[in-house]
Amino acid sequence: MNCIIIMDEHGRILHINDAFKNAFGFNEEDLIGRHIRILFTEQDRQALRPEMELSLVKKQGFSSDQNYTMHKNGQSIWVSGESVWVESKEHGNCIVKVIQNIHSQKLQEKFLKETNEFSHTIFESIEDALLVVNMDMIILKANAALYRMFGLQASTLEGTHLPALDEQLNMGLRMNDKLKKLEYDGSFSDELQWSIPGGNHRTLRLNGRFLAQDAEQEKRILLLFHDISQQKQSEQQREDLINFVSHELRNPMANLALVLELLPEAVTSNNIPETEDYLEKAKVNLRRLKQVIGELHDVTRAGTGNLTVQKASFNLQGVIREAIDTVRMLHPSHQVIAPQEADVTVQADRFRLVQVLNNYLTNAIKYSPGADKVVMNVSRDNGFLVVSVKDFGPGIPADQLPHVFNKYYRGQSTVKIDGIGLGLYVCKEIIYAHGGQVWAVSEEGRGSTFFFSLPAS
Ligand code: ADP
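Residues numbered from 1 in each chain as written. Predicted model: local features only at pLDDT ≥ 70, side-chain atom pairs only at ≥ 80, totals over all residues. Heavy atoms only, no water.

Section: the overall build of the protein
Looking only at helices and strands, the protein features 13 helices and 17 strands. Relative to a compact globule of 457 residues, whose C-alpha radius of gyration would be 23 Å, the protein shows 43 Å and is clearly more extended. Overall size of the protein, expressed as C-alpha extent along the three principal axes, is 140 × 55 × 50 Å. For the protein, the proportion of its 457 residues judged to be buried stands at 39%. The contacts of the protein with a sequence gap of at least 6 include a subset with a gap of at least 24, amounting to 53%. (Helix = DSSP H or I, 4+ residues; strand = E, 2+ residues; numbered from the N terminus. Rg over C-alpha atoms; globule rule 2.2 N^0.38 Å. Buried < 20%, exposed > 50% of the residue type's maximum accessible area, 1.4 Å probe, protein only. Contact = heavy atoms within 4.5 Å.)

A look at the packing of aromatic side chains
Counted according to the given criterion, the structure contains nine aromatic pairs. With a centroid separation of 6.4 Å and an interplanar angle of 15°, the aromatic rings of Phe20 and Phe26 are classed as stacked. Residue class for Phe20 comes out buried when judged on its relative accessible area of 0%. Look at Phe150 and Phe225: their rings are 5.5 Å apart centre to centre, the planes differ by 90°, and that puts the pair in the edge-to-face class. With Phe150 in the loop between helix H6 (144-149) and helix H7 (162-169) and Phe225 in strand S10 (residues 220-227), the pair connects residues that are 75 residues apart, well separated along the chain. For the residue pair Phe150 and Phe225, the accessibility class agrees, reading buried in each case. An aromatic cluster of three or more residues is present, and its members are Tyr360, Phe405, Phe450 and Phe452. A cation sits over an aromatic face here: Lys106 above Trp78, 4.5 Å from the ring centre. The aromatic ring of Phe392 is capped on one face by Lys373, whose charged end is 5.2 Å from the ring centroid. (Phe/Tyr/Trp six-rings, centres within 6.5 Å; stacked < 30°, edge-to-face > 60°. Lys NZ or Arg CZ within 6 Å of the ring centre and 35° of its normal.)

Right, here's the structure in full:
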């Protein structure tokens, strides 16, 4: 079955068998009497490989190698060849060369090598952290992203034990449960809360599956860690927002619906005080709806960088007066004491400034239900005008104070009071757009003071 060539000691071909003829497309006329070189590739001929092979077989009695042999049609075919030196007084010395076609084996090797390189490149360049472990939880492979994600020194994990890594990093892997699921379903997916040093934690999605294997290979598991903290955070924010919005819109809507239902009867029976009362309630609820929708709109604009301000010059006192009048009408429970020194010109967006003042004043009243006054002040500080609104409410605990200007932030003790945690965030964005600052000081039990500054013109 093997291909055989017999040649003389100089390499001239004397005989080829049928297997060779079939495999390489030659017949006797093509080769007999020709030098063996004809079967080598151009490159091998230039490298004098035929001559080297002949001299080796003459010297040591045999030689073997793997190289290309030319098919008659010009194709190079990978072969493994073994040549033996045969001495014969009768027929003269000759060389017998046995050739095996290993082309498909070589192609397969090449394909495997390329596939390995390909998967290695993917493994290393993928953004998600990857680990390959065996069934004893020994780490066989870890990619660059994994070392990056967990802040580990490169190439330190191979050969170590996964539970030790789990303990070191405090990931809460609980691989035993996952292995059961893996055996049962062929894959698993889970979320991990990874506590990172410094008190923070991240949410990781962990996917696991068996790697493809053949019968002799040991079972290996591929673990993929994907950091979904950001996605979780925005999901949570979206959910919170929907909750807020539905809650904050539902209440005034329900009130409005009720008022509108009761109003006709009051009108028909000509009950003026009741009619007026219902109309007032309708107005309050409508105002609340308008405010929630306005704040949501502003937040979206701030998020997309579209909360722009249109500055003009005007007197601060007039604007403060306007804001106080509005608040006074809506909240007669509190007296708002106007500032002394507000007779100054500012360069600002009038409409937006009223919005900020309204927000500060409304919060001061809303969050101090037991008090009866709010004090405003205007001062100058280092080229800035500083406006403050002081209330005499319960104040804000020190650990919550740094968060009051954050998006969606609501103080723990004030969740029962109407609000969606966006007013101060929008104020901050408006004041930043003017080149100013916002801040607050508070003393528990004594009240809070909210400040904003504007560049003095
Ligand atoms: P909202 O009033 O709609 O909740 P804000 O952004 O205006 O949203 O306020 C955020 C949070 O800051 C409030 O929920 C409240 O807990 C707290 N806060 C704001 N102003 C005051 C204040 N004057 N006194 C006490 N807490 C306040």
